[in-house]
Amino acid sequence: MSVSPSSSPTPVDTGSDGPRVERSAGGVVLRETDGALHVLVIRDPYRNWGLPKGHLEAGESLSEAALREVLEETGLDQVVLGEELSTIDWYFRLDGVLIHKFCTFFLMRSPGGDAAPETDEGITACVWIPLDEVDERITYDNARSVVVEAREALRSGSLALPG
């Protein structure tokens, strides 16, 4: 499923036919350090490594949610939004309710600022990992695939670093 970044999808579909659908957005945040691109990864409340992401608020677009979630989870306020990447999905249960979650990621560049984990959001660490080594750090296969897609597109020239 691909959702346009300019659309404002409903954050939660509470229809009774099948699982509840939720939407979220996040970023593959890149920064050039010592001549090499690095990706910002976070350690989540489950002590797994992934990408900053989170739910859409009512009336919020995917791109707005992605930028807000990066700020909330990492404290980075210097972020340039780039192109929409992939939408990943997964299922989980919460209080006995089956949820099908879709998360759309955007390429982002952070020219400066210090990333700091937002412990109130359950984030316990933020680290910059070289783009060529990040596969080994990211715990979630679907998030890893988004980073691999971005890396390959950047290398082939079909995707440019924002701003």
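In case you missed it, the structure is sitting above this.
What you see is a predicted model, and the numbers here were worked out from it, not measured in a lab. All chains use their own residue numbering, which begins from 1 and follows the written sequence. This being a predicted model, a pLDDT of at least 70 is required before a residue's local features are given, and a value of 80 or more before pairs of side-chain atoms are given or counted; all residues contribute to the totals for chains, interfaces and linings. Processing note: side-chain calculations cover all non-hydrogen atoms of the structure and skip hydrogens and water entirely.

*Asks:* Looking at this model, I keep getting lost on the overall build of the chain. Mind explaining?
*Replies:* Helix and strand definitions here come from DSSP, where helices need a minimum of 4 consecutive H or I residues and strands a minimum of 2 consecutive E residues; each element is numbered from the N-terminal end. Along the chain, the regular secondary structure elements total two helices and eight strands. Over its C-alpha atoms the chain spans a radius of gyration of 15 Å, differing by no more than 12% from the 15 Å that the globule rule assigns to 163 residues. C-alpha atoms of the chain, sized along the principal axes, occupy 50 × 30 × 25 Å. Note on exposure labels: buried denotes an accessible area under 20% of the residue type's maximum, exposed denotes more than 50%, and partly exposed covers the range between, all computed with a 1.4 Å probe on protein chains only. Residue burial in the chain is summarised as follows: out of 163 residues, 44% are buried. Note on contacts: a residue pair is in contact if any heavy atoms of the two residues lie within 4.5 Å. A fraction of 68% describes how many contacts in the chain between residues 6 or more apart in sequence connect residues 24 or more apart. For a compact globule the rule gives 2.2 Å times the number of residues to the power 0.38, and the radius of gyration it is set against comes from C-alpha atoms.

*Asks:* I would appreciate a short explanation of the environment of I42 in the present structure.
*Replies:* Topologically, I42 is positioned in strand β3 (residues 36-43). On the basis of relative accessible area, I42 is assigned to the buried category, the value being 3%. Not counting residues within four places of it along the chain, the set of residues in contact with I42 comprises N48, W49, G50, L51, P52, E73, T74, I123, A125 and C126.

*Asks:* Before we go on, may I ask you to explain the nonpolar core in this structure?
*Replies:* Most often, soluble globular proteins have nonpolar side chains that are buried together. Residue types Ala, Val, Leu, Ile, Met, Phe, Trp, Tyr and Cys, when buried and joined through side-chain atoms within 4.5 Å, form a set referred to as a nonpolar core. Counting residues in hydrophobic clusters, the biggest one holds 23 residues, and the most contacted among them are V28, V39, L51, L85, L107 and V147. Of all elements in the fold, only β2 (20-33), β3, β6 (80-94), β7 (97-109), β8 (125-130) and α2 (141-156) reach the threshold of two or more residues within this core. For this core, the leading source of residues is α2, giving six residues. Not counting the four nearest positions on each side in its chain, V39 is found in contact with V28, V29, L30, L51, V127, W128, I129, L131, V134 and V147.

*Asks:* For this particular structure, what's the right way to read the side chain of T74?
*Replies:* The topology assignment puts T74 in helix α1 (residues 62-74). A polar atom in the side chain of T74 sits 3.2 Å from the backbone nitrogen of L76. Once residues within four sequence positions are removed from consideration, T74 is found in contact with L40, I42, P52, D114, A115, A116 and C126. Here a polar contact means two N or O atoms within 3.5 Å. Within protein one must be a hydrogen donor candidate and the other an acceptor candidate, and residues neighboring in sequence count only if both atoms are side-chain atoms.

*Asks:* Even after reading the chapter, I still don't get the pairing of β6, so can you show me in this structure?
*Replies:* Walk down a regular strand and you will see the side chains alternate between the two sheet faces. One ladder, built from 11 bridges, connects β6 with β7; its direction is antiparallel. Among the inter-strand pairings, F92 is bridged to a residue of β7, identified as I99. A loop of two residues connects β6 with β7, the two strands running antiparallel in sequence, and D95 in this loop sits at a positive phi of about 50 degrees. Here the rule is simple: two strands pair whenever DSSP picks up at least two bridges between them.

*Asks:* Can you help me understand α2 in this one?
*Replies:* In an α-helix there are 3.6 residues to a turn, and that puts residues three or four apart on one side. What a helix is expected to span follows from its residue count: subtract one and scale by 1.5 Å. Under the 1.5 Å per step criterion, the end-to-end length of α2 is 22 Å for 16 residues, consistent within 8% with the ideal 22 Å. Inspection of α2 places A143, V146, V147, A150, R151, A153 and L154 among the buried residues, and these make up the whole buried set. On an axial view of α2, the arc spanned by its buried residues comes to 165 degrees, and they lie on one face. Seen from the open side of α2, the exposed residues pointing more than 90 degrees away from its buried face are D141, R155 and S156. Residues of α2 that are buried sit in contact with β2, β3, β6 and β7. The arc under discussion is defined with respect to the helix axis, by the directions toward the C-beta atoms.

*Asks:* Sorry, what's going on with the pairing of β7 here?
*Replies:* Of all the 13 residues making up β7, 11 are buried; the element is thus mostly covered by neighbouring parts of the structure. Bridge analysis of β2 against β7 gives 11 bridges, and the strand direction is parallel. By the bridge assignment for β7, A25 is matched with T104.

*Asks:* Quick question: what am I supposed to make of the pattern of salt bridges here?
*Replies:* Pairs can form between side chains of opposite charge once their charged atoms are near each other. A carboxyl oxygen of Asp or Glu within 4 Å of a side-chain nitrogen of Lys or Arg is what we treat as a salt bridge. Under the definition given, this model contains 11 salt bridges. Through salt bridges with shared partners, a single ionic network connects E57, E60, R68, E69 and E72.

Just geometry here; none of it tells us what the structure is for.
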